[in-house]
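# Structural characterization, general
Here are the chains, one letter per residue:
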Amino acid sequence: MNDKLVPAHIHFARWFIRLRWFALLILIISNFIVKHLFNVPIQDRPVYFISLILLILNILHVIILRQITRKGGDRVIYWIKKEIDLQILTDLILLTFILHYSGGIENPLILFYFFHMIIASSIFSTRKSYFYTIFAIMLIALLVALEYYSVIPHYNLTGFAGNNLYNNAFYIFGTGFVFLCTSIIIVSLSHMIIYRSIKSEEAYVNANIELENKDKLKNEYVLRVTHDIKGHVAAILSCIEVIRSGVAGPLNEIQAEFANRTFDRTEMLSAFVKNLLNLTRKRLKHNIEFEEILFKDLINKIVSPIQMLASDRHIDFNIYVDKSIEKIIGDPFTLEELYSNLLLNAIKYTPDNGHISLTVKNHHNNILTEISDSGIGIPKDEIPKVFDEFYRGTNVPKDIKTGSGLGLSIARQIVENHGGKIWVSSELGVWTKFTFILPRNPDFITLEDKIRIDQKQTR
Amino acid sequence: MNEKSKILIIEDDVDLVAAMKKMLENKGYEVIFDYDPDKGYEKLKNEKPDMIILDVMFGSKGESQGFKFANKIRTDSQFSGTPVLMLTAINSQNPFFNFSPDTDNEYLPVDAFLDKPVQFNELFLKVEQLLRQKISKWKNWPEKE
């Protein structure tokens, strides 16, 4: 359960950092404008200095977060939460200093504390959310008290707020009371909302697990049924062959024709059943064994049969493989199947004298493959359905013998079993391009890579 | 070949046996068969075939009667030299076991494999080859060839 929430936490921390860059910019600009355009006597130098500290801290946060996600492991959530702790604590302290140099309680900047309360109560437990609220209130109270008793100087916002509000106990008490009430409401409200959303996320994760179980049962059922059908089909094929071959006696022309039709059709059924078995086994992750593969060997193995087919039909076959890609960890048989499957598909739907290409590049720690052709393309509204079982393009000419409609489902399953992602883009009648991204090591995908794969464009 | 070579088929699919019998007889072989491996073993003793076509015959629990049969004849000095052609779907990765005829032969002492559905041209080729070979390469199993 926790594991599934990891990316959300990372996005949260990143978004927090991004927001801080923005806040920093606003802080510097508004500091400048207030001082020089409105001539309000705030202490601009200390504020610039604090901005510099904030800048350094934010760079530090970026580095720390990168370290955490790169390292991965079981404790990622723990460390990300700690990093968010650090962000909130440093922010609150710096904010108090800024407030001090820009008018103390007279400055509406005091509202900024609420942001951190919302963020804290969204991620942390009830106790910790209130801890941060109390911490913030105490910081403000301390600042106000020190200014009130003249332990530290107060900087007036002459021309902006009424003079000496910081010295007005009634004003301080009133503002403090409103601030306290607002804090409590904010924390309890946002905590409740987030709590509900976490509950619903939990329910969603559980429903997903249940769906996966049901799906597994379904696949096991399909496997059993298909296995049985396969036996029957195999027997039928052998029996028809006895008749068709004339071993059971000579056939006249019409008998031979229909024996052949029956044989061909049964053979198609047999191929279909084989593909369905193949897909279902991959869904159930039967017989998947990852090992280290030399990428060069993998490509060499698949390329030459494709090259022969291509040259038979005068199709130009371009190959570009980044030489720096040496090894990949995966299941060699299914990866070969994946590449051949997609390349054969490209040839099948490309007219004579067309061209197909295979491009393999690095994409950070992952490997990105593009297989494109100058073929018949895919109608726009069918693109989301391409990887569905039994999908066949409606624009495929009658003379191209379509297969079982399972080839691309198998391809997608192979990619997913390796922790990768596949998608297609196309222009009807002009070109089609299949792109898939595979992690170099499916057994050890860092969070960075997982996010990169997840976020990679899917259409 | 003056005398007809004798082939024993052990396979539980009645129709597949009928088809193979007809096709092989047409090629001039003598074909005997049994649907049950235990009774098939009796036939082996009585008829002394030149080679055996053996189905994997997976039971519901995933154990293979074909494997048992193959191991049994290899340890029986009388038949340890009889070549065996195994009918299987091993190439298309059976869900019940991780096995490749290319690398794991020593665990399964058969001489050749044939994928189902049976392609008769391939069947004829492999039968001819094993009959020419006469003696199984696993005669001294479990020692290596």
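Everything here concerns the structure above.
These numbers come from a predicted model, not from an experiment. (Residues numbered from 1 in each chain as written. Chains lettered and ligands numbered in written order. Predicted model: local features only at pLDDT ≥ 70, side-chain atom pairs only at ≥ 80, totals over all residues. Heavy atoms only, no water.)

### Regarding the overall build of chain A
Definition in use: Helix and strand definitions follow DSSP, with helices as H or I runs of at least four residues and strands as E runs of at least two, each counted in order from the N terminus. Contacts are assigned to residue pairs that have any heavy atoms within 4.5 Å of one another. For the accessible areas, the method is Shrake-Rupley and the probe is 1.4 Å, while residue cover comes only from the protein chains on display.
What chain A contains, in helices and strands, is eleven helices and seven strands. Relative to all contacts within chain A whose residues are 6 or more apart in sequence, the contacts with residues 24 or more apart total 74%. Surface accessibility of chain A: about 25300 Å² in total, with carbon and sulfur atoms responsible for 62%.

### Comments concerning the nonpolar core
All names here are of chain A. The condition that has to hold: To qualify as a nonpolar core, a set must consist of buried Ala, Val, Leu, Ile, Met, Phe, Trp, Tyr and Cys residues joined through side-chain atoms within 4.5 Å. Here's how the labels work: a residue is buried when its accessible area is under 20% of the maximum for its type, exposed when over 50%, partly exposed in between, all with a 1.4 Å probe on protein chains only.
Ile-80, Ile-84, Ile-88, Tyr-113 and Met-117 are the most contacted members of the largest nonpolar core, which totals 43 residues. When contributions to this core are tallied by element, the ones reaching two or more residues are helix 1 (2-36), helix 2 (44-71), helix 3 (76-101), helix 4 (113-123), helix 5 (126-148) and helix 6 (169-244). Within the second largest apolar cluster, 42 residues are counted, among which are Phe-387, Leu-408, Ala-411 and Phe-436.

### Focus on the sheet that holds strand 6 (residues 421-427) of chain A
Working definition: the strands of a sheet are paired by backbone hydrogen bonds and lie parallel or antiparallel to each other. All names here are of chain A. For the record, the criterion: Pairing between two strands requires that DSSP report at least two bridges joining them. For helices, the axis comes from a line fit to the C-alpha atoms of the stretch in contact; other axes are also lines fit to C-alpha atoms, and the angle between any two N-to-C directions lies between 0 and 180 degrees.
Read across the open sheet, the five strands follow the order 2-4-5-7-6; overall the sheet is mixed. With partners counted over all chains shown, the strands left at the sheet margins are strand 2 (316-321) and strand 6, one partner each. Strand-to-strand, the axes of this sheet are offset by a mean angle of 10°, without reference to chain direction. Here strand 5 (residues 366-373) pairs with strand 7 (residues 431-439) via eight bridges, running antiparallel. When the sheet's bridge partners are listed, Ser-372 is paired in strand 7 with Lys-433. Most of the contacts of helix 8 (residues 295-312) go to strand 2, to which it runs at about 170°, and overall it touches strand 2, strand 4 (355-363) and strand 5.

### Focus on the side chain of Thr-350 of chain A
All names here are of chain A. Going by this rule: A 3.5 Å cut-off defines polar contacts: any pair of N or O atoms within that distance qualifies, except that in protein one atom must be a possible hydrogen donor and the other a possible acceptor, and neighbouring residues in sequence count only when both atoms are side-chain atoms.
Here Thr-350 shows up in the loop between helix 9 (332-348) and strand 4. Residue classification places Thr-350 among the buried residues on the basis of a relative accessible area of 1%. Only 2.5 Å separates the side chain of Thr-350 from the backbone oxygen of Ala-346, close enough to count as a polar contact. Discounting chain neighbours no more than four positions away, the residues touching Thr-350 are Arg-313, Ile-315, His-355, Ile-356, Asp-373, Ser-374 and Gly-375.

### Concerning the packing of aromatic side chains
Between two aromatic rings, the relevant description is the distance of the centres plus the angle of the planes. How we decide: Any Phe, Tyr or Trp ring, taking Trp's six-membered ring, that has another such ring centre within 6.5 Å forms a pair; planes under 30 degrees apart are called stacked, those over 60 apart edge-to-face, and the others tilted.
Scanning all chains against the criterion turns up 17 aromatic pairs over all chains. Between Phe-131 of chain A and Tyr-132 of chain A, the ring centres sit 5.4 Å apart and the planes meet at 65°, which makes this aromatic pair edge-to-face. Judged by centre distance (5.4 Å) and plane angle (45°), the rings of Phe-33 of chain B and Tyr-35 of chain B are tilted. Residue Tyr-35 of chain B is classed as partly exposed on the basis of its relative accessible area, which comes to 34%.

### Brief notes about the pairing of strand 6 of chain A
Consecutive side chains along a regular strand alternate between the two faces of the sheet. Residues and elements named next belong to chain A. Among the seven residues that make up strand 6, six are buried, leaving the element largely enclosed by the rest of the structure. Of the strand pairs in this sheet, strand 6 and strand 7 are connected by seven bridges, and their pairing is antiparallel. By the bridge assignment for strand 7, Ser-426 is matched with Thr-432. Hairpin remark: strand 6 followed by strand 7, antiparallel, with three residues in the connecting loop; positive phi at Gly-429, about 80°.

### With respect to helix 3 (residues 65-74) of chain B
All names here are of chain B. Note the threshold: Note that the arc is computed from the directions linking the helix axis to the C-beta atoms.
Residues of helix 3 that are buried: Gly-66, Phe-67, Phe-69, Ala-70, Ile-73 and Arg-74. Angularly, the buried residues of helix 3 cover 165° about the axis, an arc narrow enough to put them on a single face. Looking at the packing, one finds that the buried side of helix 3 touches strand 1 (6-10), helix 2 (37-47), strand 3 (51-55) and strand 4 (84-88).

### Description of the environment of Glu-382 of chain A
All names here are of chain A. If you trace the backbone, Glu-382 turns up in the loop between strand 5 and helix 10 (407-417). Judged by its relative accessible area of 6%, Glu-382 falls in the buried class. Taking the C-alpha atoms as reference points, Glu-382 and Gly-393, separated by eleven residues in sequence, lie 7.6 Å from one another. Among residues more than four places away in sequence, those in contact with Glu-382 are Tyr-391, Arg-392, Gly-393 and Thr-394. Side chain to side chain, Glu-382 and Thr-394 meet in a polar contact 2.3 Å long.

### Regarding the sheet that holds strand 3 of chain B
Residues and elements named next belong to chain B. Judged by pairing direction, the sheet is parallel, and its five strands sit side by side in the order 2-1-3-4-5 without closing on themselves. The open sheet has two edge strands with one neighbour each: strand 2 (30-34) and strand 5 (112-115). Put simply, the sheet's adjacent strands are angled 20° from each other on average, direction ignored. Sheet strands in contact with helix 2 are strand 1, strand 2 and strand 3, and its direction is about 170° off that of strand 1.

### Looking at the interface of chain A and chain B
Here is the rule: Values labelled buried area give the accessible surface lost by two parts on being combined, using a 1.4 Å probe and summing over both. We define a salt bridge as a side-chain nitrogen of Lys or Arg found within 4 Å of a carboxyl oxygen belonging to Asp or Glu. Three classes are used, and their members are as follows: Ala, Val, Leu, Ile, Met, Phe, Trp, Tyr, Cys and Pro are nonpolar, Asp, Glu, Lys and Arg are charged, and the others, Gly among them, are polar.
Listed as interface residues are 20 residues of chain A and, on the opposing side, 20 residues of chain B. Across the chain A to chain B interface the summed buried area is about 1700 Å²; carbon plus sulfur atoms make up 60%. When the buried area of chain A at its contact with chain B is split by residue, Ser-238, Val-247 and Asn-287 of chain A rank highest and sum to 30% of it. Where chain A touches chain B, the interface holds zero salt bridges. Where chain A meets chain B, there are zero residue pairs in polar contact (both at pLDDT 80 or more). Put simply, the parts of the chain that give the side of chain A that touches chain B at least two residues each are helix 6 and helix 7 (253-283) of chain A. The element best represented in the side of chain A that touches chain B is helix 6 of chain A, accounting for eleven residues. Of the residues belonging to the side of chain A that touches chain B, the class tally is seven nonpolar, seven polar and six charged.

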